[in-house]
Amino acid sequence: ISVQDRGFQFADGVYEVVRFKGSRFLWLDEHLARLERGLTALAIPGVGSRDRFTRVLPELVRRSGSGEGSIYLQVTRGPAPRDFSMPISAVPTELAYVAPQTFFTWDQVLAGTTACLMEDIRWTRCDIKAICLTAAVLGKAVAAERGASEVIWVGPDRLVREGGSCNLFVVRGGEVWTHPADRHILAGVTRLRVLEIARESGVVVREEPVTAEELLVADEVFLSSTLRDLLPILRVDGRPIGRGQAGPVSLRLAERMRAVVDRELSADG
Ligand code: PDD
């Protein structure tokens, strides 16, 4: 990778994280579609990227010899002499590698996680999965300082947006509330599945934000992401959510999510 790569010098690119097991990928088409939307939004010429990744990824996983894990994909604008203007003829850099890993056990889902509230210091195009993750890194550090695992971004209007690297859901009176998929959040692939599963299970879903104060007195809070599926958040800012245990709505949806993921990732799925 060139030292002049726009990804290296400007964080000028997009990425995806996709889960796999054996030769199966979890919702690969949706991830590649989002990658393509990001490339279009940033005017990075992504012609053929999607097809190339679709062709190369199975071989990459095969050669890695790993049975389970995630794939990191990245496309940057490519190498060009350092200049803020978009280069006319840079060839995008496409990268993919395999990270072998295991995923959460049911006991870990029950154990849940913790979070802290923080002012959203990110830009206003969080719908683009851009590789500039400086704010997320700072957020994670603040969370660690406060003894929490994840940060929850709160807008200047006190509305809760999403987590540092996940989407966020709040259960109030049996209904699931989550921020609408606008420019303040990433439209998570897992988020969409959570909403589908909730609706199928007869749970009312509201794509409307709640305030930080409403979140603190919610019955349940949970997050979703490729690497964590659906995970209950049991404490926020050191205060227990509900009874401080994984709640019934979260667990019902988490159970259903595991079944859906297992089916997608099973060889005959
Ligand atoms: N993060 N919101 C943000 C800010 C994210 O970074 C992510 C994913 C999500 C969830 O999206 P999905 O369900 O499509 O994974 C929401 C990835 C996993 C990461 O950066 O590692």
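Please refer to the structure higher up on the page.
All of the points below concern the structure found in this document. (Residues numbered from 1 in each chain as written. Predicted model: local features only at pLDDT ≥ 70, side-chain atom pairs only at ≥ 80, totals over all residues. Heavy atoms only, no water.)

**Remarks on the packing of helix H6 (residues 189–200) against helix H8 (residues 248–265)**
- With their axes 10 Å apart at the nearest point, H6 and H8 run at an angle of 115° to one another. In terms of axis orientation, H6 runs roughly perpendicular to H8. H6 and H8 meet at a crossing whose hand is right-handed. Across the interface between the two elements, Thr 190, Arg 193, Val 194, Ile 197, Ala 198 and Glu 200 from H6 touch Leu 253, Arg 256, Met 257 and Val 260 from H8.
- Looking at the contact of H6 with H8 residue by residue, the classes come out as six nonpolar, one polar and three charged. (Axes fitted to C-alpha atoms, helices over the stretch in contact; angles between N-to-C directions. Helix = DSSP H or I, 4+ residues; strand = E, 2+ residues; numbered from the N terminus. Parallel < 35°, antiparallel > 145°, perpendicular 65-115°, else oblique. Left-handed = near helix turned anticlockwise from the far one by under 90°. Contact = heavy atoms within 4.5 Å. Nonpolar A, V, L, I, M, F, W, Y, C, P; charged D, E, K, R; others polar.)

**Focus: the site of the ligand**
- Taken together, 19 residues lie near the ligand, and Tyr 15, Glu 162, Val 189, Thr 190 and Thr 226 sit nearest.
- In this structure, Ser 165 approaches the ligand through a main-chain N or O atom, which is 3.4 Å from a nitrogen atom.
- One of the side-chain N or O atoms of Thr 226 is found 2.5 Å from an oxygen atom in the ligand.
- Relative to its unbound accessible area of 480 Å², the ligand is 89% covered by the protein chains.
- Of the residues assigned to the shell around the ligand, the class counts are six nonpolar, nine polar and four charged. (Near = heavy atom within 4 Å. Polar contact = N/O pair within 3.5 Å; in protein donor to acceptor, adjacent residues only side chain to side chain. Areas by Shrake-Rupley, 256 points an atom, 1.4 Å probe, with all protein chains shown as cover.)

**Focus on the pattern of salt bridges**
- Counted according to the given criterion, the structure contains 23 salt bridges.
- In this structure, Arg 77 engages Asp 12 in a salt bridge whose closest nitrogen and oxygen atoms are separated by 2.6 Å. Highlighted residues: Arg 77 in the loop between strand E3 (68–76) and strand E4 (93–100) and Asp 12 in the loop between helix H1 (6–10) and strand E1 (13–21), separated in sequence by 65 residues.
- Note on Asp 12: relative accessible area 11%, which makes it buried.
- Note that Arg 125 and Asp 127 form a salt bridge whose closest N and O atoms lie 2.9 Å from each other. (Salt bridge = Lys/Arg side-chain N within 4 Å of Asp/Glu carboxyl O. Buried < 20%, exposed > 50% of the residue type's maximum accessible area, 1.4 Å probe, protein only.)

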